[in-house]
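Reading the structure
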Amino acid sequence: MNPTRIAVAVVSAASLLVLAAVAWPEGASSAADEAEDGITVTAVGSIKAVPDRAELSFGVTTDGATAKDASRANAARMTELIDALKAAGVRATDIRTQNVSVSRRHSPNGEQLPGYTAENSVSVKVASNRAGAIVDLAVENGATNASGPSFDVSDREALYRDALREAVREARKKAEAIAGAGGVSVGDVTRVVEGGGADPPVYLEAAARTQATPIEPGQEEIQATVTVTFAVG
């Protein structure tokens, strides 16, 4: 290769480095770095709603001299309970078996007793305003224990999205307060990070009574948390 051409190539490369240093002075930031500048705040949006769904648990416990006897008695009693629930308008898709078991009988202190015990439990989803009536119906039709309810709202996802919108609005209010104190103005959103979620459902204990069982759904608060970065001007 011609030595003269090699020298020219080296000089050209060095010239490019010098030009790059002039075009990109020390301390200059890239577009990605600039995107991180601004005001970053974390805010919470909250939407309140009355739960319209309730989940209850009903169980049937029976004893028998043999495992077969206990199981047969339990099956008959649970079938009666499920039929009564369906007749009351509870959909089959809202009734789910939780547990089925047959075991030797034992005393509270663990001592084995003659005979066997069979247990069967189901979870039932109903409208929250029917929860009390369903508890009474179940007890009247074979349930030996009842627990719950666990409340929920059927449109939780839509309400959560509303809470997200509220959180972003609250974030801008926070940013504007900070910007005003700092003598700058709030610009466009440059970054949003979602965090948090809805509060867990509230659990209440339900007990069978001779009168209609009162069950109050109360109010549930659905929250959303966001961390937002705003450009400043």
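Before any of the text, the structure's been laid out above.
Residues numbered from 1 in each chain as written. Predicted model: local features only at pLDDT ≥ 70, side-chain atom pairs only at ≥ 80, totals over all residues. Heavy atoms only, no water.

**Quick look at the packing of aromatic side chains**
- Inspection of the entire model under this criterion finds zero aromatic pairs.
- Of note, Arg104 hangs over the ring of Tyr116, and the distance from its end group to the ring centre comes to 4.9 Å. (Phe/Tyr/Trp six-rings, centres within 6.5 Å; stacked < 30°, edge-to-face > 60°. Lys NZ or Arg CZ within 6 Å of the ring centre and 35° of its normal.)

**A closer look at helix H3 (residues 67–87)**
- Over its 21 residues, H3 runs 30 Å from end to end, which matches the ideal 30 Å to within 8%, given 1.5 Å per residue.
- Buried residues of H3: Ala70, Asn74, Met78, Leu81, Ile82, Ala84 and Leu85, and no others. Projection of H3 onto a plane perpendicular to its axis shows the buried side chains occupying an angular sector of 155 degrees, all on one side. Facing away from the buried surface of H3 by more than 90 degrees, the exposed residues are Lys68, Arg72, Ala76 and Ala87.
- Looking at the packing, one finds that the buried side of H3 touches strand E2 (53–64), strand E3 (95–106), strand E4 (112–127) and helix H4 (131–140).
- Phi for Gly89, located one or two positions after H3, is positive at around 105 degrees. (Helix = DSSP H or I, 4+ residues; strand = E, 2+ residues; numbered from the N terminus. Expected span 1.5 Å × (residues − 1). Buried < 20%, exposed > 50% of the residue type's maximum accessible area, 1.4 Å probe, protein only. Arc of directions from axis to C-beta. Contact = heavy atoms within 4.5 Å.)

**Notes on the pattern of salt bridges**
- With the rule as written, the count across this model stands at eight salt bridges.
- As a salt-bridge pair, Asp94 and Arg91 come within 2.9 Å of each other at their nearest N and O atoms.
- Of the charged contacts, one joins Arg169 and Glu166 as a salt bridge, the two residues approaching to 2.9 Å between their closest N and O atoms. Of the two residues, Arg169 and Glu166 are both situated in helix H5 (residues 156–182); the distance of three residues between them amounts to about one turn of the helix. (Salt bridge = Lys/Arg side-chain N within 4 Å of Asp/Glu carboxyl O.)

**Side note on the side chain of Asn74**
- Note that Asn74 resides in helix H3.
- Judged by relative accessible area, Asn74 falls into the buried class, the value being 4%.
- Those residues in contact with Asn74 that sit more than four places away from it in its chain are Val60, Thr61, Thr62, Ala118, Glu119 and Asn120.

**Brief notes about the sheet that holds E3**
- Overall, antiparallel pairing links the four strands, which are arranged E3-E4-E2-E5 in an open sheet. Either end of the sheet is taken by a strand with one partner, and the two such strands are E3 and strand E5 (145–152). Put simply, the sheet's adjacent strands are angled 15 degrees from each other on average, direction ignored.
- Pairing analysis gives ten bridges linking E3 to E4, with the strands arranged antiparallel. (Pairing = 2+ DSSP bridges. Axes fitted to C-alpha atoms, helices over the stretch in contact; angles between N-to-C directions.)

**As for the sheet that holds strand E1 (residues 39–49)**
- An order of E1-E7-E6 is seen for the three strands of this open sheet, with the pairing classed as antiparallel. Each edge of the open sheet carries a strand with a single partner, namely E1 and strand E6 (186–195). Each strand axis lies, on average, 30 degrees off the axis of its neighbour in the sheet, ignoring direction.
- Sheet topology places E1 next to strand E7 (residues 220–232); eleven bridges connect them, and they run antiparallel. In the strand pairing of E7, Ile47 is matched with Ile222.
- Along the sheet, H5 contacts E1, E6 and E7; its crossing angle with E1, the most-contacted strand, is approximately 140 degrees.

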